[in-house]
Amino acid sequence: MGVSRTSAIWAVIWPSLRGDPEIIWSFIPFTLSVKPMDQDLRMTSLLTYTFKNLPSTSQWALRFSMRPLSCSSQLRVAAAVQTKSKQTLAKPNIRNIVVVDGVRTPFLLSGTSYKDLMPHDLARAALSGLLHRTSVPKDVVDYIILGTVIQEVKTSNVAREAALGAGFSDKTPAHTVTMACISSNQAMTTAVSLIASGQCDVVVAGGVELMSDVPIRHSRKMRKMMLDLSKAKTLGQRLSLISKFRLNFLSPELPAVAEFSTNETMGHSADRLAAAFAISRLEQDEYALRSHSLARKAQDEGLLSDVVPFKVPGKDTVTQDNGIRPSSLEQMAKLKPAFIKPYGTVTAANSSFLTDGASAVLILAEEKALAMGYKPKAYLRDFMYVSQDPKDQLLLGPTYATPKVLEKAGLTMNDIDAFEFHEAFSGQILANLKAMDSDWFAQNYMGRKAKVGSPPLEKFNIWGGSLSLGHPFGATGCRLVMAAANRLQKEGGQYGLVAACAAGGQVCHRSFIGASRKSFSWKQNKFIQECLI
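In this text, all values refer to a predicted model and were calculated from it rather than measured experimentally. (Residues numbered from 1 in each chain as written. Predicted model: local features only at pLDDT ≥ 70, side-chain atom pairs only at ≥ 80, totals over all residues. Heavy atoms only, no water.)

Within the largest apolar cluster, 58 residues are counted, with the highest numbers of intra-cluster contacts made by F277, L396, F421, F441 and F460. It is strand β12 (residues 495-503) that contributes the most residues to this core, 8 residues altogether. Grouped together as the second largest cluster of nonpolar side chains are 39 residues, A126, L131, L146 and Y374 included. (Core = buried A, V, L, I, M, F, W, Y, C linked by side-chain atoms within 4.5 Å. Buried < 20%, exposed > 50% of the residue type's maximum accessible area, 1.4 Å probe, protein only. Helix = DSSP H or I, 4+ residues; strand = E, 2+ residues; numbered from the N terminus.)

Tracing the sequence through the fold places V202 in strand β6 (residues 202-209). In this structure the C-alpha to C-alpha distance between V202 and L364, which are 162 residues apart in sequence, comes to 4.5 Å. Apart from the residues within four sequence positions on either side, V202 is in contact with V140, V141, D142, Y143, L362, I363, L364 and K368. (Contact = heavy atoms within 4.5 Å.)

Turning to the pattern of salt bridges, a few remarks are in order. Close approach of charged atoms allows side chains of opposite charge to pair. This model, assessed by the stated rule, comprises 18 salt bridges. Of the charged contacts in the structure, one is a salt bridge between D121 and R124, with a shortest N-O distance of 3.1 Å. You can see D121 and its partner R124 sitting in helix α2 (residues 119-134), 3 residues apart, about one turn around the helix. You can call R124 partly exposed: its relative accessible area is 26%. Linking D285 and R281 is a salt bridge whose minimum nitrogen-to-oxygen distance equals 3.1 Å. Pair noted here: D285 and R281 are both in helix α8 (residues 281-300), with a separation of 4 residues, about one helical turn. One salt-bridge network, held together by shared partners, links R95, D201 and E367. (Salt bridge = Lys/Arg side-chain N within 4 Å of Asp/Glu carboxyl O.)

This part takes up the pairing of strand β11 (residues 418-421). The side-chain alternation of β11 yields two buried faces, one formed by A418 and E420 and the other by F419 and F421. Alignment of β11 against β12, held across 4 bridges, turns out to be parallel. Bridge pairing in β12 links F421 to A499. (Pairing = 2+ DSSP bridges.)

Its relative accessible area of 3% is what places D285 among the buried residues. Once residues within four sequence positions are removed from consideration, D285 is found in contact with L329, M332, A333, T347 and N350.

Attention now goes to unusual backbone geometry. Cis geometry is adopted by the peptide bond preceding P342, which originates at K341 and carries an omega value of 5°. By secondary structure assignment, the location of P342 is in the loop between α9 (329-333) and β9 (355-365). The phi angle at S135 is positive, at roughly 60°, despite the residue not being glycine. Along the polypeptide, S135 turns up in the loop between α2 and β4 (143-147). Note on S135: relative accessible area 57%, which makes it exposed. You will see that N263, though not glycine, has its phi angle at about 60°, which is positive. Within the fold, N263 resides in the loop between α6 (235-242) and α7 (266-276).

Right, here's the structure in full:
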């Protein structure tokens, strides 16, 4: 999925009941190389800090009581709705930018119902779903940006093709971005820049990935011979070229989820990371089971409201994600290591799976949203991008980014009500949680005096994550944002933090603020003034 590993951290912040949504995004780069962790990084088994409200059928939930992951006493406060007023993070002389809503197609295992489609079909479905959900007039949209990772060669600018297919005006510009697993993050921050600069008022951003049909190339020798043949002018020249053909020319070049600069797959890197932090196979399996169980619970309770049905041509209508499969620790233990054999701990059960899916969000200037009668979900504020060494433990981005994002927003971990982290691998998540809760790691690797602290599990990915919901590389960023926003809205929370690791050795951090909207109307000018106080 790209040249290096990238991480995205977005802090979602929901201000007081007086104000409306605000969002600050931050993307921060760093470099590291990791050595085996010392005893400060040791943690008890994940069995000792499970989560609340799992289905009663889950024996895992019944056997163990709930306890936060963090060993810090400051983080052991149970999640509760904050009611105190928060100061707005609006900046003077900068346009307020809001996200109105977002949708996604059901995320499906590759090779299933979407296998006969093309990427622009899925992207078109997401854009059409957003149009239906928000009722935004097509001619009002100024720009469309989509992210993708493994591009279909026939639709290199998939954003343009999908936009035309969804019925947007051919006068509406559209372009495609790629930044590994934070491609849709890049699409959204580009949208923010366009609006902040005054170039646009209304932008649609999103992403798409279709792993069921990835491009497979001929070998370089075969490609060279075919190109030379197309230039040959005489029969003799053609026969001379054909005589050089060898059977190994037919060996195809398959795409790989590996770093170009290191030639290491992400699963191999995750395995090394888990070993460095002394994370056992059991802990990784436990966390994966947690993700699937919580996702099933959220799906059954109708909490995954960003999912829109999609009628697959020639097939039935798809209405929900199909990768959510709670199993048992006994069944998961039977699987063999997937990357480092025979002693690795990363398996198919504790890794995210290849996924097909698309997502889209509607982003506007606040004044435009008010004029159109919308009640947005959050403000978007700032963003930063940072890069790290793609060789050594490139999946530790959230650990480095979280304190920077919180400091930028003037918040602490205690202020956060909802955490949404991308789950590439169980080992990657648990390694970050251990590093975040280690003073030794903070002092020796981050140059900080003290640890930032680890998120309590009762606030962490409680509607499931990429391990269970799926991970279409170019579309996950939008899912994370909408999951955090919808959680905060349902739970009445004020602040949230979203993080996503991705290929590229880069880090994308984003923090945003939103408000519970039970006591005001977006159509009241008085509210705008109060929000900016």
